[in-house]
Every structure is written in C-alpha cells, then in structure tokens.
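Inside the fold
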Amino acid sequence: MTMTRATTQRILLPLVGLLAVLAVWTVISQTIARDLPSPARTWDESRRYVLEPFFKDGEMNQGIGRLAFYSLVRVGKGFLLALAIGTPLGFLLGLSRAFHLAFDPIIQFLRPISPLAWLPLGLVIFQKSEPAAIFTIAVCAMWPTVINTAAGVRSISPDHLNVGRVLKLSRWKMLVKIIVPASLPYVFTGYRLSLGLAWLVIVASEMLTGTPGVGGFLWQEYNSLVYSHILLSVVTIGAIGFALDRLMGVVEARFRSA
Amino acid sequence: MAYLELRGLEKSYVTPRGTTRVLGGVDLTLEDGDFVAIVGYSGSGKTTLVSLIAGLLRPDAGTIVLDGAPVTEPDPERGIVFQQYSLLPWMTVFENVALAVDAVNPALGRTERRRITDELIALVNLTPAAWKRPRELSGGMRQRVAVARGLATRPKLLLMDEPFSALDALTRATLQDELLRIWGERRSTVILVTNDVDEAILLADRIYPLTPGPGAVLGPAIDVGLSRPRERRHLSLSPAYQKARQGIVEFLRACRRGAA
Ligand SMILES: Nc1ncnc2c1ncn2[C@@H]1O[C@H](COP(=O)(O)OP(=O)(O)OP(=O)(O)O)[C@@H](O)[C@H]1O
Ligand SMILES: [Mg+2]
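What this report covers is the structure whose coordinates are included nearby. Note that the structure is predicted; figures quoted are calculated from it, not measured.

Here is what the cut-offs are and how they apply
Residues numbered from 1 in each chain as written. Chains lettered and ligands numbered in written order. Predicted model: local features only at pLDDT ≥ 70, side-chain atom pairs only at ≥ 80, totals over all residues. Heavy atoms only, no water. Donors = N, O, S within 2.8 Å, 3.2 Å for Na, K, Ca; no water. Helix = DSSP H or I, 4+ residues; strand = E, 2+ residues; numbered from the N terminus. Buried < 20%, exposed > 50% of the residue type's maximum accessible area, 1.4 Å probe, protein only. Pairing = 2+ DSSP bridges. Contact = heavy atoms within 4.5 Å. Axes fitted to C-alpha atoms, helices over the stretch in contact; angles between N-to-C directions. Salt bridge = Lys/Arg side-chain N within 4 Å of Asp/Glu carboxyl O. Polar contact = N/O pair within 3.5 Å; in protein donor to acceptor, adjacent residues only side chain to side chain. Near = heavy atom within 4 Å. Areas by Shrake-Rupley, 256 points an atom, 1.4 Å probe, with all protein chains shown as cover. Parallel < 35°, antiparallel > 145°, perpendicular 65-115°, else oblique. Left-handed = near helix turned anticlockwise from the far one by under 90°. Nonpolar A, V, L, I, M, F, W, Y, C, P; charged D, E, K, R; others polar.

1. With respect to the coordination of the magnesium ion (ligand 2)
Residue and element names in this part refer to chain B. Distances from the magnesium ion (ligand 2) to its protein donors, namely Thr 47 (OG1) and Gln 83 (OE1), fall within the range 1.9 to 2.3 Å. A residue pair is termed long-range when its members are at least 10 positions apart, and Thr 47 in helix 1 (residues 46-54) and Gln 83 in the loop between strand 6 (78-81) and helix 2 (93-104) qualify at 36 residues. Taking relative accessible area as the criterion, Thr 47 reaches 35% and is therefore assigned partly exposed. Overall, Gln 83 belongs to the partly exposed group, its relative accessible area being 26%.

If you want it as structure tokens, here you go:
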C-alpha cells in the first residue's frame, strides 16, 4: 500500500512536534531549571510504573495504570452525577421561560467558581474526602451540560415543534418524540465538554484531599521530591484527557449524524 | 353552512422594525370534497394563510369554521404538508408516518396501527424505503413521506403549502401525478397552495389567486372546467386549460401592475 503525501505528513509532522517539545524540555532541564528531570531521566525513573502499570507496593506506591483507574472511577462517578443533575436542569431551563428567568442568573453566578473553592465546602458538607471530591467534580463539570442542553432545546426548529402541535401530542410525547431527540446533538456536546472539565477537576480535588489517584500521586511525589513522577503524572493526565475527549467525540458524532 | 368558511381573516406581523400587514381580510368558502388551489407570488402570505387555517397562528381578525366548529388551535383534523419537508430527521420513514397514525388512533391495537402505517407508505410508493431516515432520501421521496404523514390522520381538510416547489421539474410532475391518483383513491377536502399555475390547473377544481401583499386578499375563483380523471398529456392542449391559465395569469399581472 502506498501512502499519499498527505497521510505521510499527518503521521510525520506530529512526531516532529513531539520531538521539538522533548528537545525544549531537555534544554530547559539542562539550563534554567536544573531540578527538572530531563525526558530520559523521567523515563528511567518511571519505567516500572509504566511497564508494570498495575503493581501495588502499598497505598502510596502503585503502578500508573492502577492510579489512573482510581481517578477514572472517581471522575466517572462525578461525571454521571453531573449529567444526572445537569441534563434535566438544562431541559427545564430551555423549556420554561419562568424557570430560565428564575435560575439563569444564579447559574451564571455559580459557573465560574473554581473547584478549589467548592472542595472545602464539599468537605464541610460531607465530612469525608471521597464524596467531597465527587461533589466537587459534579458541581464544576455540570455547567456545559446545563447550558448546551438549554441551548439545544431553544434551537429546535419551529417546524418540528409544529409537527407535534398539529398532531396534538401530549406533553410527554412531545418531550420524548420531538424535544429530546432534536436537542441530543447539543446535549452530547455538553457531555463532552463536561467530561473534559471533570477530568480537569479530578487532579485538583485529589491533590487537596490526598486520595489515591493520579492527582494524589502527583502531589505526594512532589512532597517526596521525586520530580520525575510529577512529569509521569502530568503526561498520564494529558494522555487520558485526550483519550476521553476522543471517545466522547465519537459518541457525539454518532448522535450528530443520527 | 359551508364545510369550511373563512371570514375576513386578517394577520399582521409585528417586528421591532415595524408592522407588516400580510393578510387584509381573506374570505373563502369550501364544500366537502373540494380540491382548491391558492396561487400567489412569493411573499404574498400563502404560508401565513395556511398557518392560520391550521391553527398554528391566531388571526388578528376574522373567523375560521370547519364542519361547524370554530378553529382556535391546531388539530389533527386539519392535516398539513409543510413547505419545508419538516420530517423528523431522527425517525425513519415508518416512524414519521407512525407518529401521526398513533396520535389519532390511540384506541387501536399495535398491529392495526402498523397496518395503517404500512398502507400509507405503500400508497406513496415508499415501501422499500420504509426503514430509511430522511437524510437518506431524495427530495421527492421526502415529500412523499410528508404527504403520507399529512394523510395519516384522515384529516377533514388537508393543507398543502407549496408541497413540490423545492423539487426539480421531472420529480415534481411525477409527484403531481401521484397526488392525482391518491386523491382519486381517498377523496378529501384539499387546499393546495402553490406558485405554479400549471400545477394548480392540473390538480384543482377551483383556483383562487392571492393578491400580492401587503394586505393580501383572495381574488375571484376561477373554475377549472376539466373533467376527472385528468391526464397530464392531453391537458395543455385543451381549451379549458388555456382559459383557466389565462384567467389566473392575467389577474395576478393586473394586481401587480396596479400595485406598481
Ligand atoms: N414570523 C414572521 N415575522 C415577521 N414577518 C413575517 C413572518 N412570517 C412571514 N413574514 C412576512 O410576511 C410576508 C408573507 O410571508 P409568507 O411566508 O406567508 O409568504 P408566502 O406567500 O408563503 O411566501 P413563499 O412563497 O416565499 O413561501 C412576507 O413578507 C414575510 O416577510
Ligand atoms: Mg410560503
């Protein structure tokens, strides 16, 4: 099979970009930031965590796969909670003018609050770090779902609503047959953005609560001065975030074309 | 009392940039089983009139009475084939038609409703495409689905808003012929709105010109003195056809000259 010029470039150029970043990283670690491990040293000291991703030598020393799994489970719970609250909230906002007038200002007010602010509040409410972390993820991650769902409902074509009106569909039928399916593409865009936010929040919340996971590991290794593991964590966080986004992108595309 | 009576229908749109007076007192009387066409220029208010009769819009003044009951809201007794196909894109052909069948036959069993839906799809020759979604269909096929959906409620009155205007000429001719056949099979009262005079003559018993707005009204009816069943091939040569065509075109031209 011969590769076209375009596909060669599509594979080659990202590699070039990667090498450039590694080169800059190396240079920085040799010059201005001598405490920063070079890429080679990072790999050397992280090898076991990557090659045996599921080893467990105690609570504080586990393979990166195991740590990522903990984080993913936590994100999954927080994300599902965000969808469970955010989706109906979005539909209510989109469907009812009164509801919109009542709650939109408060939502605009709550939306920009940082996870760092929600977490202590979660600890106060739940007294335990695990539910506090999940609460924080849900509260921070649900806004794109809320806002996109509401926008999706408002952008439904009047023609489609008229089809339902002419048939005198019941409110429930109208919702199930027309409003929900018509807004699904928007809803799933919201879900994708929410998942990205949830993954952003997990690191901060694990750091603050010291729960085991990629973020908790990062903070612990910083305190133990194992800087290469900070980089290992950073790369892992990025890789998983990227993979999650792609995954949701595929789901979203399915609904867009449906 | 006539089957359908429109009396003095007026409708204006109020926008931030001012008020557009679209309909200025539309009167129309139809008997049960009539097939009439309303012909008018683009923007004269045809869709507005159809929306009023459908109950999707409220008139500023005037009344609509269908079969003795005033029209105040949309109802499946007034089926409508929208100008844009407005099929629900997330549903298959079958589901689009079934939505309407199920809405008006809640008492019937599943198999019976299914049978009615299948029958309608067969009526518009779409049985092989029943499980496709609208985006997989050609424009002509989509409009067939819209016709099937419009008929699905067995409406007392079927409103068709430029049903074929988005189609190419050949497909349009095919669908017009099909509509003639379908109407032959299930006579119902039809108002066909169109900007195509030939389409109006081919399909309708009577044609009402809608004067160009603002403040559009219906002009005097022109009877299409052509017997049914009609055949497109022989039509354009017949004197009745020529007479009807001339009547409509001249009326609309005169209106436009008067306005200009
Ligand atoms: N929702 C609306 N708000 C304001 N003006 C409107 C609205 N709908 C239609 N109009 C105006 O009213 C007039 C009549 O519109 P209408 O859609 O009824 O015309 P039409 O005869 O169906 O035209 P076409 O042949 O292009 O479909 C137009 O001038 C249009 O700009
Ligand atoms: Mg129109």
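2. Details of the sheet that holds strand 5 (residues 69-70) of chain B
Residue and element names in this part refer to chain B. Taken in spatial order, the 4 strands of this open sheet run 2-1-4-5, and their pairing is antiparallel. The open sheet has two edge strands, strand 2 (18-30) and strand 5, and neither has a second partner. Direction of pairing for strand 1 (residues 4-15) relative to strand 4 (residues 61-66): antiparallel, over a ladder of 5 bridges. If you follow Glu 5 over to strand 4, its bridge partner there is Val 65. On the sheet, helix 1 packs against strand 1, strand 2 and strand 4 and is oriented at approximately 120° with respect to strand 1.

3. Regarding the interface of chain B and chain A
Chain B puts 22 residues into the contact, and the matching count from chain A is 15 residues. At the boundary of chain B and chain A, one finds 2 salt bridges. Counting every contact that joins chain B to chain A gives 5 residue pairs in polar contact (both at pLDDT 80 or more). Within the residue set of the side of chain B that touches chain A, elements represented by two or more residues are strand 6 and helix 2 of chain B.

4. Some details on the site of ligand 1
Residues and elements named next belong to chain B. Around ligand 1 sit 13 residues, and of these Ser 42, Gly 43, Thr 47, Thr 48 and Glu 162 come closest. One of the backbone N or O atoms of Lys 46 is found 2.8 Å from an oxygen atom in ligand 1. Bound to the protein, ligand 1 loses 61% of the 630 Å² it would expose on its own. For the shell around ligand 1, the elements supplying multiple residues, two or more each, are strand 1 and helix 1. Looking at the shell around ligand 1, the element that brings in the most residues is helix 1, giving 3 residues.

5. Overview of the environment of A:Val251
Residues and elements named next belong to chain A. In this structure, Val 251 sits in helix 10 (residues 227-257). Taking relative accessible area as the criterion, Val 251 reaches 27% and is therefore assigned partly exposed. Taking the C-alpha atoms as reference, Val 251 lies 30 Å from Val 16; in sequence the two are 235 residues apart.

6. Here we look at the packing of helix 2 of chain B against helix 3 (residues 110-123) of chain B
Residues and elements named next belong to chain B. Where helix 2 contacts helix 3, the axes come no closer than 9 Å and their chain directions differ by 125°. When the axes of helix 2 and helix 3 are compared, the pair comes out oblique. Taken as a pair, helix 2 and helix 3 cross one another with a handedness that is right-handed. Facing Val 93, Phe 94, Val 97, Ala 98, Val 101 and Asp 102 of helix 2, the residues of helix 3 in contact are Arg 113, Arg 114, Ile 116, Thr 117, Asp 118, Leu 120 and Ile 121. Among the residues making up the contact of helix 2 with helix 3, the classes are represented as 8 nonpolar, 1 polar and 4 charged.

7. Some details on the pattern of salt bridges
Residue and element names in this part refer to chain B. Applying the stated criterion across every chain yields a total of 28 salt bridges over all chains. A salt bridge links Arg 21 to Glu 10, with the nearest nitrogen and oxygen atoms 4.0 Å apart. Separated by 11 residues along the polypeptide, Arg 21 in strand 2 and Glu 10 in strand 1 bring together distant segments of the chain. Taking relative accessible area as the criterion, Glu 10 reaches 30% and is therefore assigned partly exposed. Glu 119 is the salt-bridge partner of Arg 115, the closest N and O atoms lying 2.6 Å from each other. Of this pair, Arg 115 and Glu 119 both sit in helix 3, 4 residues apart, which is roughly one turn of that helix. Glu 119 gets classed as partly exposed once you look at its relative accessible area, which sits at 39%.

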